[in-house]
Amino acid sequence: MRVGLEGSFWTQPATGSGQYVRALWREFGRGLPGLEPVLLLPGPAADRVGAEVGGEVVVEEPPRRFAAGKARKLWWEQVGLPRAARRAGVDLVHVPYFAALPRPDRPYVMTIHDLVPLVLPEYAASREMRLYQGRRNPPSAP
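Keep in mind that what you see is a predicted model, and the values were worked out from it rather than measured.

Scoring rules and cut-offs
- Along every chain, residues carry numbers that run from 1 in the direction the sequence is written.
- For a predicted model such as this one, the threshold for reporting local features is a pLDDT of at least 70, and the threshold for listing and counting side-chain atom pairs is 80 or more; totals across whole chains, interfaces and linings nevertheless cover every residue.
- Derived side-chain values reflect all non-hydrogen atoms in the structure, with water molecules and hydrogen atoms excluded from consideration.
- A side-chain nitrogen of Lys or Arg and a carboxyl oxygen of Asp or Glu constitute a salt bridge if their distance falls within 4 Å.
- Runs of H or I in DSSP of at least four residues are treated as helices and runs of E of at least two as strands, each being numbered from the N terminus.
- Here's how the labels work: a residue is buried when its accessible area is under 20% of the maximum for its type, exposed when over 50%, partly exposed in between, all with a 1.4 Å probe on protein chains only.

Asker: Looking at this structure, how should I read the pattern of salt bridges?
Answerer: Two side chains that carry opposite charge are able to pair once their charged atoms sit near each other. Scanning the model with the defined rule gives 8 salt bridges in all. The salt bridge involving Glu56 is made with Arg2; its shortest N-O contact spans 2.9 Å. Of the two residues, Glu56 sits in strand 3 (residues 56-60) while Arg2 sits in strand 1 (residues 2-6), which places them 54 residues apart along the sequence. Exposure remark for Arg2: the relative accessible area of 16% places this residue in the buried category. Between Asp105 and Arg86 there is a salt bridge; the shortest N-O distance is 3.5 Å. Of the two residues, Asp105 is situated in the loop between strand 4 (92-95) and strand 5 (108-110) and Arg86 in helix 2 (residues 69-88); the sequence distance between them amounts to 19 residues. The network of salt bridges with shared partners includes Arg2, Glu36 and Glu56.

Below is the structure:
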């Protein structure tokens, strides 16, 4: 089975999510019977330094207008990641954070490390954040 690991936090090794992605990728690289790991990265390709050790790496470059910030992140989740997964021919995609995923054309597994954005109303106060989280209304206060 080809498993794609969403690797956008690869370039942020000082963060918890960055450490998680790198540790998981190292474990994938040790080899598991029947598992073919593929690290799926948003461009630029230079950001993948060191990633080749664990297995195959597929990089999807964003268009210039989505080169930075929130637009880049949303482009990656909605367009780039699904495109990279198709190009890599993965059977399953693992996203190691809470993300706005499109209608997937293959199975996705999502690890949510922090439930705060799902339970505290102030984290979903804006219309944009509610849309990103797939909600119509903010959560109720606990």
